[in-house]
Amino acid sequence: MTDPRLEIIDRRLSTIDHIIAVCSGKGGVGKSVVASTLSLLLARRGLEVGLLDLDFTCPATHLILGVGDATPEEERGIVPPSFHGVEYMSLIYYTGERPTPLRGGDITNAIIEILSVTRWGRLSHLVVDMPPGLGDATLDLMRLIPRMEFLIVTTPSRIAFQTVRRLIELLREADRVILGVLENMVLESSGRIRGEVEAMGLKYLGFIPFDPKLEEALGDAEALLQTDFATSLNAAVSSLLPD
């Protein structure tokens, strides 16, 4: 029997023009900071933006943005609070600070529930902070939101990029749109990642130098936008953003 919530998901997302999935082959590459800052940059351009944190391993965007006491409201579903011009929804509203040791069908059910109850407004862009890697949560989201476009984050690490290769193969097999690959936490640019990305026929979006002052800006959205990290990210993804 078909889950009736699946049809509801399609309706919930019908008010959104573009859905950008910020993803990575592994954790620890700065994916959540990229997703959070990207949503702020889009909002600063006057766009209607949403941010959805579905990182089951460790949702962190609420800490990165410093959302504080902003909480959803119930009105024929769950209405995300608006924070710095961004409609914000996160797993943290369901789990608190507790770990979420879900697997298999439990993960699927949790994702379907969040997608089906969240009432987004009219959005130009919804940024999704994806679970890292190629586990059940990633596969479920690819199935449930087939029109997601993928922005892949890596670091210069050979290990990190090897996991990205597997992610790219998965996305290509599923015929998904890959917006490009972003290289984060760069101490010294060697051009190696760019060469490997372009050899795979993908767009290298650019690199973000390691910003030693980024950590102290976390938790303050305005301070985050003033960092060298945000400036570099804005330049790197400028080709994807409306003027």
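Residues numbered from 1 in each chain as written. Predicted model: local features only at pLDDT ≥ 70, side-chain atom pairs only at ≥ 80, totals over all residues. Heavy atoms only, no water.

Draft legend 1. Representation of the overall build of the protein in the model. Scanning the protein from N- to C-terminus turns up 11 helices and 10 strands. In terms of overall size, the protein behaves like a compact globule, its C-alpha atoms giving a radius of gyration of 17 Å where 243 residues would be expected to give roughly 18 Å. In terms of principal-axis extent, the alpha carbons of the protein reach across some 50 × 40 × 35 Å. Across the 243 residues in the protein, those meeting the buried criterion constitute 53%. Relative to all contacts within the protein whose residues are 6 or more apart in sequence, the contacts with residues 24 or more apart total 76%. Roughly 11,400 Å² of accessible area belongs to the protein as shown, and the carbon and sulfur atoms make up 51% of that amount. Seen as two clouds, the 23 positive and the 33 negative side-chain charges of the protein have centres 5 Å apart. (Helix = DSSP H or I, 4+ residues; strand = E, 2+ residues; numbered from the N terminus. Rg over C-alpha atoms; globule rule 2.2 N^0.38 Å. Buried < 20%, exposed > 50% of the residue type's maximum accessible area, 1.4 Å probe, protein only. Contact = heavy atoms within 4.5 Å. Areas by Shrake-Rupley, 256 points an atom, 1.4 Å probe, with all protein chains shown as cover. Lys, Arg positive; Asp, Glu negative; His and termini not counted. Charge placed at Lys NZ, Arg CZ, Asp CG, Glu CD.)

Draft legend 2. Structural detail: unusual backbone geometry. For His84, which is not a glycine, the phi torsion comes out positive at approximately 55 degrees. If you check the backbone angles, Asp175 has positive phi at about 60 degrees while not being a glycine. In this structure, Asp175 sits in the loop between helix H7 (158–173) and strand S9 (177–186).

Draft legend 3. Representation of the nonpolar core in the model. With 44 residues, the main nonpolar core has Leu52, Leu126 and Ile152 as its most contacted residues. Within the second largest apolar cluster, 38 residues are counted, among which are Ile20, Ala43, Val127 and Ala221. (Core = buried A, V, L, I, M, F, W, Y, C linked by side-chain atoms within 4.5 Å.)

Draft legend 4. Region of the structure containing helix H2 (residues 31–44). The terminal C-alpha atoms of H2, which comprises 14 residues, lie 20 Å apart, in line with the 20 Å expected from a rise of 1.5 Å per residue. Of all 14 residues that make up H2, 13 are buried, and the element is covered over most of its length. Of the residues one or two after H2, Gly46 is the one with positive phi, at around 85 degrees. (Expected span 1.5 Å × (residues − 1).)

Draft legend 5. Representation of the environment of Lys26. By secondary structure assignment, the location of Lys26 is in the loop between strand S1 (16–24) and H2. According to the relative accessible area criterion, Lys26 is partly exposed, its value standing at 33%. Sequence separation between Lys26 and Arg44 is 18 residues, and the spatial gap between their C-alpha atoms is 29 Å. Residues in contact with Lys26, not counting those within four places in the same chain, are Pro132, Gly133, Ala160 and Thr163.

Draft legend 6. Inspection of the sheet that holds strand S7 (residues 123–129) at higher detail. A sheet is described by the order of its strands in space; here 8 strands give the open sequence S5-S6-S2-S7-S1-S8-S9-S10, paired in mixed fashion. A strand with exactly one partner marks an edge of an open sheet, and here the two such strands are strand S5 (82–83) and strand S10 (204–209). Pairing geometry for strand S8 (residues 149–154) and S9, over 6 bridges, is parallel. Bridge pairing in S9 places Thr154 opposite Glu183. Strands in contact with H2 are S1, strand S2 (49–53), strand S6 (86–90), S7, S8 and S9; relative to S7, the strand with the most contacts, it is inclined by about 170 degrees. (Pairing = 2+ DSSP bridges. Axes fitted to C-alpha atoms, helices over the stretch in contact; angles between N-to-C directions.)

Draft legend 7. Region of interest: the packing of H2 against helix H11 (residues 228–236). Between H2 and H11, whose axes approach to 10 Å, the crossing angle comes to 75 degrees. Here H2 lies roughly perpendicular to H11, going by the angle between them. Along its contact with H2, which presents Val33, Val34, Thr37, Leu38 and Leu41, the element H11 presents Phe229, Ala230, Leu233 and Asn234. Partitioning the contact of H2 with H11 into residue classes produces 7 nonpolar, 2 polar and no charged. (Parallel < 35°, antiparallel > 145°, perpendicular 65-115°, else oblique. Nonpolar A, V, L, I, M, F, W, Y, C, P; charged D, E, K, R; others polar.)

Spatial relationships are all this shows, so hold off on functional conclusions.
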